[in-house]
Each structure stands twice: as C-alpha cells, then as structure tokens.
Amino acid sequence: MKEITIKVTPDQEKWLKHFAEFQKEGARDNLGTSKPIHIVETRDEKVIFDNGDSGDQKAYFDIDTGGCYETVEEILEDRGIENFLPYEEAYIEGVGEEFIWNEFDYLKAYGVKKVEKVSINYTYRPVSYHFTLQSAREYIKYQGHNLKHPRTFTATPGYGHQGDYEHLFDFMMSAGTFLLEFDQNFTNEDYVDPEWGIQGRCKK
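In this text the structure is predicted, and so the values were computed from the model without any measurement.

K.L.:
Sorry if this is basic, but what is going on with a negative patch on the surface here?
P.N.:
Taken together, the side chains of Glu 70, Glu 74, Glu 77 and Asp 78 present a region of like negative charge at the surface. As for its position among the elements, Glu 77 is in helix α2 (residues 72-78). On the basis of relative accessible area, Glu 77 is assigned to the exposed category, the value being 53%.

Following this line, the structure appears as structure tokens:
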C-alpha cells in the first residue's frame, strides 16, 4: 500500500467526515445496500383519455382550462366557484332543483360542462445523485420547487462490481475516517517542538 499526502479545503474536509460518518459499517444510511448511492427522483405524469379505466390514478380533465384534477370539487375551486356543496352531499340533496346522479351532473349544475374522466400514469425519473441520504434530502429541500412529489431511491453499484465506483467509495471512506480519527486525537492548537522545532498539532 502506498502512502500519500493530500490537501483538502475546509468544505472538502467537512464533506469527507460527513460521508464517513453516514456511510460507515452499520450506519443507518448504509443498512441493506452495500456501498449505496442515493438518487433523488421526480414524478412525471401522463394523462390517458380512457374514461378512467386504467392507470395509477383516476382524475378529471377540464377541457376548457386544460387542468387535471383528482376530485370534481377541485375543478370548482380552480374556477373560482364559491359556496358549492361537496359532491357526496350534492348526490343526496341535489343542487337547487337539479338531481345529481353522477359527477358530470354535479359539475353541470355549477355550469361546468366540458370535463372528461381520465387516468394518470406515474413514472419516476432520476434527477440527482448523492453519496449520502442526508445530502439527497437536503437537495429536495433547496430544489423542491423544481420537483414534483420527489422521493429518494437507494441503489447499489451492481452485484460483484469491482470497477471505479468501488475504488472511489473506499478512498473517500478511508480519507473521511482518517479525518474523524484525527479530530479525536488532536486539537487545532499549533505548537513547535522545543527540541526539534517541528510544527504540528497538540495531542489531546
């Protein structure tokens, strides 16, 4: 094994310590997946005009506004209609003199006529990759406005993987572990050895 000396910036030192702390053997972020990589995914939605017969979610498509809604009440809210009865109540009591037999009768009673029942298919697309779960969660916090129903997904580099990712992971773990152990044994106070004049750090 070859010994080398490397220089790191304060931010790099902080991150390497963070990596070693959260990816060490037995750490909560490292359970169940060997040398994991954490992925942030955003949800894409595809509307299918099939009368709500398939897909992951049933919804209503307002032809006039181009909006897609999970409930008929949301359509009325988005159109600025006020003081409307919830659909379940209207189905029993009616709306004025109108009998309500289904969702479309309900919408027509409030003047909304061009609506179709549709299905929505959900797919998740990776947008960001991280070495720790904490970093992935932080990304969601500061980029959440650009994401839709984001989630984290933990992946393995692959069964029997012995390529570049494995070596990079081990190198970062070694560096981060060294820095953590160094902090446990030394303070930040500089000193000069009185006999040899060698500069270093005071041992705790």
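K.L.:
Explain the nonpolar core to me, please; I cannot follow it from the model alone.
P.N.:
Burial of nonpolar side chains together is a common tendency in soluble globular proteins. One finds Ile 75, Leu 76, Tyr 106 and Leu 107 to be the most contacted residues of the largest nonpolar core, which totals 15 residues. Looking at this core, the elements that each hand over two or more residues are α2, α3 (87-93) and α4 (103-109). Per-element tally for this core: the top contributor is α2, with three residues. Leave out the neighbours within four places in its chain, and Tyr 106 touches Val 72, Glu 73, Leu 76, Phe 84, Leu 85, Pro 86, Tyr 87, Ala 90 and Ile 100.

K.L.:
When you look at the pattern of salt bridges in this model, what are you seeing that I'm missing?
P.N.:
Pairing is possible between side chains of opposite charge, provided their charged atoms come close. Applying the stated rule across the entire model yields 12 salt bridges. The shortest N-O distance in the salt bridge between Lys 17 and Glu 13 comes to 3.0 Å. Of the two residues, Lys 17 and Glu 13 both sit in helix α1 (residues 10-23), four residues apart, roughly one turn of that helix. By relative accessible area, Glu 13 is classed as partly exposed at 24%. One salt bridge connects Asp 62 with Arg 79, and the closest N-O pair in it is separated by 2.8 Å. Residue Asp 62 is found in strand β2 (residues 57-62), and its partner Arg 79 is found in the loop between α2 and α3; the two are separated by 17 residues along the sequence. Salt bridges sharing partners connect three or more residues here, namely Lys 35, Glu 166 and Asp 170.

K.L.:
I keep staring at the side chain of Glu 73 and nothing clicks. Help me out?
P.N.:
Secondary-structure assignment places Glu 73 in helix α2. With no salt bridge to any partner, buried Glu 73 finds its closest opposite charge in Lys 117, at an N-O distance of 12 Å.

K.L.:
Explain the confidence of the model for the chain to me, please; I cannot follow it from the model alone.
P.N.:
A low pLDDT score tells you not to read the predicted coordinates there in detail. On average, the chain scores 86 in pLDDT, and the residues at 70 or more come to 91%. Note that residues 195-200 has pLDDT below 50 and, in this model, nine contacts with residues that lie over four places away or in other chains.

K.L.:
How do you make sense of the packing of aromatic side chains when you look at a structure like this?
P.N.:
The description of two aromatic rings rests on the distance between their centres and on the angle between their planes. Applying the stated criterion across every chain yields a total of 14 aromatic pairs. Ring geometry for Phe 84 versus Tyr 110: centroids 6.3 Å apart, planes at 75 degrees, classification edge-to-face. Here Tyr 110 lies in the loop between α4 and β4 (115-130) and Phe 84 lies in the loop between α2 and α3, a separation of 26 residues in the sequence. Given a relative accessible area of 19%, Tyr 110 falls into the buried group. Their ring planes at 35 degrees and their centres at 6.0 Å tell us that Phe 178 and Phe 182 sit as a pair that is tilted. Here Phe 178 pairs with Phe 182, and both are found in helix α6 (residues 164-185), just four residues apart, close to one helical turn. Note on Phe 178: relative accessible area 52%, which makes it exposed. Exposure remark for Phe 182: the relative accessible area of 25% places this residue in the partly exposed category. Within the aromatic cluster, the residues linked to one another by ring pairs are Trp 15, Phe 19, Phe 131, Tyr 165 and Phe 169. One Lys or Arg, Arg 43, reaches over the ring of Tyr 122 and ends 3.7 Å from the middle of that ring. For the cation-ring pair, Arg 151 lies above Tyr 124, with the distance from its terminal atom to the ring centre recorded as 3.6 Å.

Thresholds, definitions, all that
Residues numbered from 1 in each chain as written. Predicted model: local features only at pLDDT ≥ 70, side-chain atom pairs only at ≥ 80, totals over all residues. Heavy atoms only, no water. Patch = residues over 30% accessible without salt bridge, like charges linked within 9 Å, V, L, I, M, F, W, Y side chains within 5 Å. Areas by Shrake-Rupley, 256 points an atom, 1.4 Å probe, with all protein chains shown as cover. Salt bridge = Lys/Arg side-chain N within 4 Å of Asp/Glu carboxyl O. Lys, Arg positive; Asp, Glu negative; His and termini not counted. Charge placed at Lys NZ, Arg CZ, Asp CG, Glu CD. Helix = DSSP H or I, 4+ residues; strand = E, 2+ residues; numbered from the N terminus. Buried < 20%, exposed > 50% of the residue type's maximum accessible area, 1.4 Å probe, protein only. Core = buried A, V, L, I, M, F, W, Y, C linked by side-chain atoms within 4.5 Å. Contact = heavy atoms within 4.5 Å. pLDDT = per-residue confidence, 0-100. Phe/Tyr/Trp six-rings, centres within 6.5 Å; stacked < 30°, edge-to-face > 60°. Lys NZ or Arg CZ within 6 Å of the ring centre and 35° of its normal.

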